[in-house]
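# Coordinate inspection notes
Each chain is listed here by its residues.
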Amino acid sequence: MLLVLVAIVVLVLASVRNLFAVVVLSGIYSFLMATVMVALDAVDVAMTEAAVGAGISTVLLLGALHLCKSEEAKPTHRPWLPLSLSLATGVLLIYGAMGLPDFADPQAPIHQHVVPRYLQNEVQVPNVVTAVLASFRGYDTLGETTVVFTAGAGVIALLRRRKPRKGGEEGRG
Amino acid sequence: MIEHFSYIVTVFLMIAGLYIVIARGNLIKKLVGLSIFQTSVYLLYLAPGKLLGGTAPILAPAYGVYSNPLPHVLILTAIVVGVATLALGLALAVRIREVYGTIEEDEILALDHRIEEAEEQGEERRA
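This structure is a prediction, so every number in the text was calculated from the model and none was measured.

### With respect to the overall build of chain B
Helix and strand content of chain B: four helices and zero strands. The linear arrangement of helices and strands in chain B, starting from the amino end, is α-α-α-α. Over its C-alpha trace chain B gives a radius of gyration of 23 Å, far above what one expects of a compact globule, namely 14 Å for 127 residues. Of all 127 residues assigned to chain B, the portion counted as buried reaches 53%. Considering only intrachain contacts with a sequence separation of at least 6, the fraction spanning at least 24 residues in chain B is 46%.

In structure tokens:
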């Protein structure tokens, strides 16, 4: 299914050494992920992922590739240590995930806590995601804006020391 | 097993991202791996919020069952923050490339090592 397709794209992505192909594959991956999100009823998130994850991220990566070399060097040592470390982490995580509630279980705690109140349309906005984002959890959004501002300031500070180098594409983040 | 399928895919994406971050020396590849890791976290949050037979959480009189809106809000924030950190990481990579002429981790470490050795030799000659 869709999730298997996502997994295959990631496998190819890990093995390809041409960085341009990696960037294109990560764009494909983002669009597939947006489709998965639509299937999970997260339409707002899917829209953001398609616009930001597949759009702006790809532009940023291509901009960075333009300034760097686009071929990855051959790995010098065998990747046994990272591979075994990741696999061990994976086994632990799957063991932990088996204790989580079943997929789409309506009795799971996540559906019982604050969400019934959110769905009562207290703030008169039919799109609940917007209502929670802007009203119930407005401070989160303020913090997010702060992070984005700080990152933008950091990018400008990092890239403006040499005038002839063009780093304009990174400044948009 | 099948009711935990989404978790298994999430864990697979997570360890794939982790593996790319640890095993690959190229800084841009590392950042792509980091964003795969991030996306697996999005999936981890969104999958439990889904209800079978539910619709997207936009209130309408014709529907009664909605998927959980709270993870959507949290992940909306996470995506934007993720892109901000990606931009910052890429800016760092570009700066490193300007100074060292490469974005391969091994070569950068070798250059650092050579610089340190040269400094030590210079001090010995002065002494």
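From this point, the narrative continues.
### So, the overall build of chain A
Within chain A one finds seven helices and zero strands. Reading the helices (α) and strands (β) of chain A from amino to carboxyl end gives α-α-α-α-α-α-α. Sorting the 173 residues of chain A into buried and exposed places 36% on the buried side. In chain A, the share of contacts with a sequence separation of at least 24, taken over all contacts with a separation of at least 6, comes to 51%. Of the accessible surface of chain A, which amounts to about 10100 Å², a share of 67% is contributed by carbon and sulfur atoms.

### Some thoughts on the confidence of the model for chain A
All names here are of chain A. Within chain A, residue pLDDT values average 80, and 90% of them lie at 70 or more. Highest mean pLDDT in chain A belongs to helix α7 (residues 138-159) (89); lowest belongs to helix α1 (residues 2-15) (75). Between residues 168-173, whose pLDDT stays under 50, and residues either more than four places distant or in other chains, the model counts 16 contacts.

### Examining the interface of chain B and chain A
The partner chain A presents 89 residues to the 73 residues of chain B that form the contact. Here chain B and chain A share an interface that buries about 7500 Å² over both sides, 77% of which is from carbon and sulfur atoms. At the surface where chain B touches chain A, the tally comes to one salt bridge. Of the charged contacts, one joins Lys50(B) and Asp41(A) as a salt bridge, the two residues approaching to 3.1 Å between their closest N and O atoms. At the junction of chain B and chain A, the tally comes to five residue pairs in polar contact (both at pLDDT 80 or more). Elements with a contribution of two residues or more to the side of chain B that touches chain A: α1 (5-23), α2 (27-46), α3 (69-100) and α4 (105-126) of chain B. Looking at the side of chain B that touches chain A, the element that brings in the most residues is α3(B), giving 24 residues.

### A short note on the side chain of Lys50(B)
Counting through the fold element by element, Lys50(B) comes out in the loop between α2 and α3. Taking the relative accessible area as the measure of exposure, Lys50(B) reaches 11% and is therefore buried. Those residues in contact with Lys50(B) that sit more than four places away from it in its chain are Ala39(A), Leu40(A), Asp41(A), Phe103(A), Ala104(A), His111(A) and Ser67(B).

### A few points about a nonpolar patch on the surface
Residues and elements named next belong to chain A. Side chains of Leu2, Val4, Leu5, Ile8 and Val12 sit close together on the surface and give an oily, nonpolar patch of about 360 Å² of accessible area. Inspection of the secondary structure puts Ile8 in helix α1. With a relative accessible area of 44%, Ile8 lands in the partly exposed category.

### A word on the pattern of salt bridges
Pairing between side chains of opposite charge can happen when the charged atoms of each approach one another. All names here are of chain B. Taken as a whole and assessed by the stated rule, the structure comprises four salt bridges over all chains. Between Glu105 and Lys30 there is a salt bridge, and its shortest N-O distance comes to 3.5 Å. Of this pair, Glu105 sits in helix α4 while Lys30 sits in helix α2, and the two are 75 residues apart along the sequence. Using a relative accessible area of 33% as the deciding quantity, one classes Glu105 as partly exposed. Looking at Lys30, the relative accessible area reads 15%, which means it is buried.

### Thoughts on helix α6 (residues 128-136) of chain A
Every α-helix winds through 3.6 residues per turn, so residues three or four apart in the chain are directed the same way. When α6(A) is considered as a whole, its buried residues turn out to be Val128(A), Val129(A), Ala131(A) and Val132(A). Each buried residue of α6(A) sits inside an arc of 165° when the element is viewed along its axis, so together they form one side. Tucked into the core, α6(A) has its buried residues touching α3 (43-67), α5 (115-118) and α7 of chain A together with α3 of chain B. The backbone nitrogen of Val129(A) has a side-chain oxygen 3.1 Å away, supplied by the residue at the start of α6(A), namely Asn127(A).

### Details of the packing of helix α2 (residues 19-39) of chain A against α3(A)
All names here are of chain A. Following both chains from N to C, one finds α2 and α3 inclined at 175°, their axes separated by 8 Å at the closest point. With respect to their mutual orientation, α2 and α3 come out roughly antiparallel. Contacts from Leu19, Phe20, Val23, Ser26, Gly27, Ser30, Phe31, Met33, Ala34, Met37 and Val38 in α2 reach Val45, Ala46, Glu49, Ala50, Gly53, Ala54, Thr58, Leu61, Leu62 and Leu65 in α3.

### Considerations on a negative patch on the surface
Taken together, the side chains of Glu116(B), Glu117(B), Glu119(B), Glu120(B), Glu123(B) and Glu124(B) present a region of like negative charge at the surface. Its location among the elements puts Glu119(B) in helix α4.

What counts and what doesn't
- Residues numbered from 1 in each chain as written.
- Chains lettered and ligands numbered in written order.
- Predicted model: local features only at pLDDT ≥ 70, side-chain atom pairs only at ≥ 80, totals over all residues.
- Heavy atoms only, no water.
- Helix = DSSP H or I, 4+ residues; strand = E, 2+ residues; numbered from the N terminus.
- Rg over C-alpha atoms; globule rule 2.2 N^0.38 Å.
- Buried < 20%, exposed > 50% of the residue type's maximum accessible area, 1.4 Å probe, protein only.
- Contact = heavy atoms within 4.5 Å.
- Areas by Shrake-Rupley, 256 points an atom, 1.4 Å probe, with all protein chains shown as cover.
- pLDDT = per-residue confidence, 0-100.
- Buried area = accessible area lost by both parts, 1.4 Å probe.
- Salt bridge = Lys/Arg side-chain N within 4 Å of Asp/Glu carboxyl O.
- Polar contact = N/O pair within 3.5 Å; in protein donor to acceptor, adjacent residues only side chain to side chain.
- Patch = residues over 30% accessible without salt bridge, like charges linked within 9 Å, V, L, I, M, F, W, Y side chains within 5 Å.
- Arc of directions from axis to C-beta.
- Axes fitted to C-alpha atoms, helices over the stretch in contact; angles between N-to-C directions.
- Parallel < 35°, antiparallel > 145°, perpendicular 65-115°, else oblique.
- Lys, Arg positive; Asp, Glu negative; His and termini not counted.
- Charge placed at Lys NZ, Arg CZ, Asp CG, Glu CD.

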